[in-house]
Amino acid sequence: MKKITLIKGDGIGPEITDAVVKIIDAAGVKIDWDVQTAGADVIETEGSPLPDRVIESVKRNKIALKSPVTTPIGKGFRSVNVQLRKELDLYANLRPCYNLPNVKTRYDGVNIVVVRENTEDLYAGIERQVDENTAESIKIITRSASTRIAEFAFDYAVKNNRKEVCVVTKANICKLSDGLFLECAREVSKKYPQIKFREILVDNCCMQLVQNPNQFDVLLLPNLYGDIVSDLCAGLIGGLGIAQGANIGKDYAVFEPVHGSAPDIAGQDKANPTAMLMSAIEMLNYIGETEAASRIKKALFETLEAGVKTIDIGGKSTCSEFTNAIIARL
C-alpha cells in the first residue's frame with residue numbers, strides 16, 4: 001500500500017480533500033494517507049503555517065496531495081506554496097490546461113501545457129524597504145535553474161507526444177535576467193531536434209492566447225510570467241475551479257489544485273472539487289495507478305456530460321452531490 005502525504009489546507013481545502021479521498025477510495029486504490037494540516041488555522045497552535053512535520057512527512061513519503069492554503073496579500077506570513085517548493089526543491093510547476101466536457105468556454109480544442117520555473121525569479125523573496133517611499137525586489141535568474149526547467153519542458157514534450165515548446169520571456173527589456181533564461185532554452189532545444197522550438201515575448205503571448213490559444217502546445221516560462229500565464233490559460237478552459245497543477249522536483253512531487261482557499265464559501269458545500277480531483281488523477285498516473293486514474297477521469301467526464309456540475313461552472317449541484325455522482329459512475 002502506497003503511503004502519501006495529504007495536506008488538507010484551510011478554507012474549502014478540507015471539503016474538497018474529503019471529496020477526492022472518497023472518490024479515490026471508491027475507485028479501489030489503496031492509499032495510506034498521512035494526513036497533515038497547514039495554513040492559517042495552525043499558526044495559533046504551532047507558530048507557523050507550514051510546520052516542520054509537514055515537510056518531514058513529504059520527505060518520508062516522496063509524494064503529496066495538497067489542497068489550497070490561504071496566503072495573505074501584502075502582509076502576514078509568506079506563501080506556504082512558495083515555502084514548500086523551496087524546501088523540497090520542487091523546481092517544475094506543471095499546469096496542463098484542456099477543455100472538459102460540457103464546461104462552456106469561449107474556445108474549443110484548447111490543449112496547452114504550462115511549464116513554469118518554480119524556485120527563483122522575483123519569488124526568491126529578496127526585498128527591502130529602501131526608504132519610506134521606495135521598496136525594491138531583486139529578480140534572480142540562474143543558468144542552472146533555467147537549464148533544468150528547459151530540460152524538463154522538452155523531456156515532457158517528448159514523453160507526451162507534444163510537438164512544440166515555446167519559451168516566453170521579456171528579454172527585450174530584462175536583457176540580462178530574461179536573456180539568460182532565453183539563452184538556456186535555446187541551448188537545451190538543440191538537444192531535441194524532434195521538438196519544434198519557438199520564442200515569444202510575454203505580452204504578445206497573452207494577446208495571442210486570447211486570440212488563438214489553439215496555436216500553443218507547451219509553454220516554458222520563468223516563475224512570475226508562468227504564474228500569470230497559467231491562470232490566463234485556466235480562464236480559457238473554464239476557470240480555476242477545474243485547473244490542475246503539480247510541483248515536481250528530483251526527489252519529491254506535490255500535486256495540488258491551483259485555485260485559492262475561498263474562505264467566503266467554506267463549509268457551505270458549494271466548492272468545486274474538480275481541480276483537486278484532476279490533480280489527484282495526475283498523481284495516480286505519476287505513481288503508476290494508471291488504470292484507476294483512467295476510470296476516475298472517465299467517471300468525472302461522464303458526470304460533467306450528464307449536466308451534473310457545481311455552481312461555478314454553470315450547474316446547480318453541491319460539492320457532495322457532484323462527488324456522489326462521480327462515485328455512482330465508478
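Refer to the structure printed above.
Residues numbered from 1 in each chain as written. Predicted model: local features only at pLDDT ≥ 70, side-chain atom pairs only at ≥ 80, totals over all residues. Heavy atoms only, no water.

**Concerning the pairing of strand β4 (residues 92–98)**
Then, in step 1: Extensive coverage of β4 is indicated by the burial of seven of its seven residues.
Then, in step 2: What you see with β4 is no split at all: A92, L94, P96 and Y98 on one side and N93, R95 and C97 on the other are buried throughout.
Then, in step 3: One ladder, built from seven bridges, connects β4 with strand β5 (residues 111–117); its direction is antiparallel. Of the residues in β5, the one forming a bridge with N93 is R116.
Then, in step 4: Relative to strand β11 (residues 246–248), β4 runs antiparallel, the two sharing three bridges. (Buried < 20%, exposed > 50% of the residue type's maximum accessible area, 1.4 Å probe, protein only. Helix = DSSP H or I, 4+ residues; strand = E, 2+ residues; numbered from the N terminus. Pairing = 2+ DSSP bridges.)

**Considering the nonpolar core**
In a soluble, globular protein the nonpolar side chains are often hidden away together inside.
Then, in step 1: Core analysis: the largest hydrophobic core is formed by 87 residues, its most contacted members being L219 and L220.
Then, in step 2: In this structure, L219 is in contact with I112, V113, V114, V115, C166, V168, C205, L209, V229 and C233, ignoring residues within four places of it in sequence.
Then, in step 3: Judged by nonpolar contacts, the second largest core, of 14 residues, contains A38, V54, V69 and L88. (Core = buried A, V, L, I, M, F, W, Y, C linked by side-chain atoms within 4.5 Å. Contact = heavy atoms within 4.5 Å.)

**Description of the pattern of salt bridges**
Then, in step 1: Taken as a whole, this structure holds 20 salt bridges when the rule is applied.
Then, in step 2: The partner of E183 in a salt bridge is R143, and the shortest N-O contact between them spans 3.0 Å. With a gap of 40 residues between them, E183 in helix α6 (residues 177–189) and R143 in helix α5 (residues 143–159) connect regions that are remote in the sequence.
Then, in step 3: On the basis of relative accessible area, R143 is assigned to the partly exposed category, the value being 45%. (Salt bridge = Lys/Arg side-chain N within 4 Å of Asp/Glu carboxyl O.)

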